[in-house]
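An overview of the molecular structure
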Amino acid sequence: MKTEKNILVAFLLNLAFSLFELVGGIFTKSVAILSDSVHDFGDALSIGISYFLEKKSRTAVDEAHTYGYLRYSVLGGLITTVILILGSGIMMKESIARLFHPVDVDYRGMLVLAVIGVVVNLVAAFVTREGDSLNQKSVNLHMLEDVLGWAVVLVGAVVMCFTDIGILDSLMSIGVAAFILVCAVKNLVEIANLFLEKTPADVDVAHLKEELLGVDGVQDIHHLHIRSMDGAHHYATFHVVTDSDDLPALKAALRAELAEHHIVHAVIETETERCDDVDCHPVFSEENGHHHHHHH
């Protein structure tokens, strides 16, 4: 599997590199480089988890996981995110402390490390640019972020070599840590949304419902529930009121419509007349207007 091999290469590169940075950061006494090493370690970790879970999430559905293993990748994301939040928090604290007690930083060493950093991450970004899975895309994005992070350090090191403004190191570090923090918190929100079974961000329920109602033979649709397993694979369940004689054709048409909304799996229940079920209010339909009152 090409994607997996790429991810593994990226993982090993990043892991080795974050250790190299850790040592480099300690020797040059640069917190910006240490911050970058937290960033890279977090990336390596998320890539490692992605790699492992990319394999695991392809595991077939079994009795222990009737929904399959896609959520494992979300759990992996959660672990990485928490580690990154802690790491960036520690770096912030260190950098801010250092603003008040400046330390002599070895700018030349930083310069050398930053050049190596830009090159290694460009190579890694190049290696991971192909692939279609969500994981793969996020891995590639990590790599490009790293290139940018190093470019910043490089510029900073050059400026410091010529001007001796040591405070820049701490400022860059705070910048990197803040960036990690913002990204991590965004991730955390996405993960929480998945576990709360919120409607996936890329599905417009009202629009989807309209399109489903437009399918030939559909009289009504209710109990429409949409959940996402991992942010990319969505599942839907709903009831269809229909008088169609050809149910397989009807369902095929509905599934085709769903597929356009990234819904890969659907459980469709057909009924010949509206359910009399007390719990069955079509939440999104116009006649009982609940849904619409929230907006006013």
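See the structure printed just above.
What counts, and at which threshold
- Residues numbered from 1 in each chain as written.
- Predicted model: local features only at pLDDT ≥ 70, side-chain atom pairs only at ≥ 80, totals over all residues.
- Heavy atoms only, no water.
- Helix = DSSP H or I, 4+ residues; strand = E, 2+ residues; numbered from the N terminus.
- Expected span 1.5 Å × (residues − 1).
- Buried < 20%, exposed > 50% of the residue type's maximum accessible area, 1.4 Å probe, protein only.
- Polar contact = N/O pair within 3.5 Å; in protein donor to acceptor, adjacent residues only side chain to side chain.
- Core = buried A, V, L, I, M, F, W, Y, C linked by side-chain atoms within 4.5 Å.
- Contact = heavy atoms within 4.5 Å.
- Salt bridge = Lys/Arg side-chain N within 4 Å of Asp/Glu carboxyl O.
- Phe/Tyr/Trp six-rings, centres within 6.5 Å; stacked < 30°, edge-to-face > 60°.
- Lys NZ or Arg CZ within 6 Å of the ring centre and 35° of its normal.

Turning our eyes to something else, we now look at helix α4 (residues 107–127). Over its 21 residues, α4 runs 30 Å from end to end, which matches the ideal 30 Å to within 8%, given 1.5 Å per residue. Those residues of α4 lying buried are Y107, G109, M110, L113, A114, G117, V118, V120, N121, A124 and A125. Of the residues flanking the start of α4, the one acting as N-cap is D106, its side-chain oxygen 3.2 Å from the backbone nitrogen of R108.

Another aspect to go through is the nonpolar core. Counting residues in hydrophobic clusters, the biggest one holds 18 residues, and the most contacted among them are I226, F238 and L254. Of the residues forming this core, the biggest block, four residues, is contributed by strand β1 (residues 218–228). Residues within four places of I226 in sequence aside, it is in contact with E197, K198, T199, P200, V203, V205, L208, Y235, A236 and I263. Listed in part, the 15 residues of the second largest apolar core include I33, V105, L113 and M172.

The subject of this paragraph is the pattern of salt bridges. All told, the structure shown has four salt bridges when counted by the stated rule. Among the charged side chains, a network of salt bridges with common partners joins R71, E197 and R227.

Applying the stated criterion across every chain yields a total of three aromatic pairs. Geometrically, the ring pair formed by F17 and F20 is tilted, given 5.5 Å between the ring centres and 35 degrees between the ring planes. With F17 and F20 both in helix α1 (residues 2–28) and three residues apart, this pair spans about one turn of that helix. Taking the relative accessible area as the measure of exposure, F20 reaches 35% and is therefore partly exposed. With centroids separated by 5.8 Å and ring planes inclined at 35 degrees, the aromatic side chains of Y67 and Y235 adopt a geometry described as tilted. With Y67 in the loop between α2 (31–57) and α3 (71–100) and Y235 in strand β2 (residues 234–242), this residue pair connects regions lying 168 residues apart in the sequence. Overall, the relative accessible area of 44% leaves Y67 in the partly exposed class. For Y235, a relative accessible area of 13% gives the class buried. Taken together, the ring pairs in this structure connect F17, F20 and W150 into an aromatic cluster. The lysine or arginine in question, R227, covers the ring of Y67, its NZ or CZ lying 4.2 Å from the ring centre.

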